[in-house]
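# Coordinate inspection notes
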Amino acid sequence: MSSESKPKVVLAYSGGLDTSVILKWLCEKGFDVVAFCADVGQHHEDFEAVKAKALNAGALKCVVTDLRKEFVTDYIFEALKCNAIYEGRYLLGTSVARPCIAKEMVRIAAEEGAGFIAHGATGKGNDQVRFEMCAQALDAKLQCIAPWRDAEFIESFKGRSDLLAYCTKHGIPVDAKPKSNYSIDENLFHTSYESGVLEDANETYEESMFKMTVSPQAAPETSTTIELEFVKGVPVKLTNKNDGTVKTDPLELFMYANEIAGANGIGRIDIVENRFVGIKSRGVYETPGGTLLRDAHMDLEGICMDREVKRITEGMGIEFARLCYNGFWFAPEMDLIRHSVDYSQRDVTGVVTLELYKGNIIARGRTSPYALYNPDLASMDIEGGGENFDYNPSDAAGFIRINAVRLKTYAALRAKTQDL
């Protein structure tokens, strides 16, 4: 079959065992394969080696795109603005990367004239949903090939030994290092560890597993004091008060936040979460910079965001996290939330001072030109609200009586029904 008549597919390619096998398998199925590798800040990745491996395995070409800055400004900072957190604990490090990767994958497919995309996500995980939902939202004509849901592929590759044998047969180089005890996903937002020994929810892990953080016990005995400046909810400047380091470029700022937070043992969690497909999954995550920036952002909102706006945006943050986790980044409801959050952030401008010490983030102060906090109004030493506010403490008595009416009514009903 000539190359002109072959269908073309863009494969999300990591250079690992699974996607290397998938690449060759797609070639054998009659596809021209364009391998796509997204640089979203994987630690110490040799992308030239990844590219060479893809071409050796039969790829028509291998496209490596540096998405790090876009990942920070258009995805991580979007999550930060609404303090997004899934099930109260997970900061969405993998979830928020997938739409960034999927968008570039769809762009490459259009540029290459490919009618198919493919990925190596398993049939039990969230990533299959995220990649495919994002792709369909951006280009409904694209078809998706998911080998780990293909009966023939699954029959051929029942385990790691089958994958390795296939690589040997086709001359695909395999990393000689022993397989990790964990399944690892890396980007500049976080590193996640799942599967392997972690499938036992009560099994602990080795300290050597971690890539981005030291343990709080091993963190320095002296604290690090920083200032974080935000404009409309977005971090624009990070200053290390200990040594004078200043970062203002979004990517550099975020990477430095990772560095100093990680060095102080900040950002580790071990959780069991609920996947969208209905399966509970244990994950260990380290998200140092994200944890630091979220804490600072929430602290700043405290001084300059209206109480009722805060209450509403907290709900939007939960919904943002749910949509992001489940793969609905490019859905209309997500557009609605993101635009609403942008409006809520119009006065979230100011500086937060934090002390980092052995896994702790300690707020030391905050200031904003749009502060709603008023010392005179809050003071226990000034009667009323000071010169600028007409606040009479005696008015609180009526306020309490009115708010207690429904409580008294409910209590009376309970007392009556208990007599029956």
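Below you will find a few notes about this structure. On a predicted model such as this, the values are computed, not experimentally measured, just so you know.

## Brief notes about the packing of aromatic side chains
- Applying the stated criterion across every chain yields a total of 14 aromatic pairs.
- Geometrically, the ring pair formed by Trp 25 and Phe 153 is edge-to-face, given 5.0 Å between the ring centres and 80° between the ring planes. Taken together, the positions of Trp 25 in helix α1 (residues 17-28) and Phe 153 in helix α6 (residues 151-156) put the pair 128 residues apart, joining distant regions of the chain. By the burial criterion, Trp 25 is buried, and Phe 153 matches it.
- Residue Phe 153 is classed as buried on the basis of its relative accessible area of 0%.
- Pairwise contacts between aromatic rings join Trp 25, Trp 148, Phe 153, Phe 157 and Tyr 166 into one cluster.
- Over the aromatic face of Tyr 325 sits the side chain of Arg 130, whose NZ or CZ is 4.8 Å from the ring centroid.
- Taking the ring centre of Tyr 256 as reference, the NZ or CZ of Lys 247 above it sits at 5.9 Å.

## Some thoughts on the environment of Glu 207
- Tracing the sequence through the fold places Glu 207 in the loop between β7 (191-194) and β8 (224-231).
- What makes Glu 207 partly exposed here is its relative accessible area of 42%.
- Side-chain polar atoms of Glu 207 contact the side chain of Arg 268, separated by 2.7 Å.

## Some remarks on the sheet that holds β8
- Spatial strand order, β10-β9-β8-β13-β14: 5 strands in an open sheet with antiparallel pairing. Only two strands of the sheet have a single partner each, and these edge strands are β10 (246-247) and β14 (360-367).
- Direction of pairing for β8 relative to strand β9 (residues 234-240): antiparallel, over a ladder of 6 bridges. Paired with Glu 229 across the bridge in β9 is Lys 237.
- The strands that helix α8 (residues 250-263) touches are β8, β9, β10 and β13 (350-357); relative to β9, the one it contacts most, it runs at about 50°.

## Observations regarding the pairing of β14
- Two elements, β13 and β14, share 7 bridges in a ladder whose sense is antiparallel. Note on β14: the bridge partner recorded for Leu 356 is Ile 361.
- Where β13 folds back onto β14 in an antiparallel hairpin, the turn is made up of 2 residues, including Lys 358, whose phi is positive at roughly 45°.

## Details of the nonpolar core
- Ranked by size, the top nonpolar core spans 74 residues in total, and within it Val 10, Phe 71, Ile 76, Leu 228, Leu 292 and Phe 320 carry the most contacts.
- Grouped together as the second largest cluster of nonpolar side chains are 29 residues, Cys 62, Phe 116, Leu 163 and Tyr 166 included.

## Some remarks on unusual backbone geometry
- One non-glycine residue with positive phi stands out, namely Glu 87, at about 50°.
- Mapped onto the elements, Glu 87 comes out in the loop between α3 (68-81) and α4 (97-112).
- On the basis of relative accessible area, Glu 87 is assigned to the partly exposed category, the value being 39%.

The rules we used
Residues numbered from 1 in each chain as written. Predicted model: local features only at pLDDT ≥ 70, side-chain atom pairs only at ≥ 80, totals over all residues. Heavy atoms only, no water. Phe/Tyr/Trp six-rings, centres within 6.5 Å; stacked < 30°, edge-to-face > 60°. Helix = DSSP H or I, 4+ residues; strand = E, 2+ residues; numbered from the N terminus. Buried < 20%, exposed > 50% of the residue type's maximum accessible area, 1.4 Å probe, protein only. Lys NZ or Arg CZ within 6 Å of the ring centre and 35° of its normal. Polar contact = N/O pair within 3.5 Å; in protein donor to acceptor, adjacent residues only side chain to side chain. Pairing = 2+ DSSP bridges. Contact = heavy atoms within 4.5 Å. Axes fitted to C-alpha atoms, helices over the stretch in contact; angles between N-to-C directions. Core = buried A, V, L, I, M, F, W, Y, C linked by side-chain atoms within 4.5 Å.

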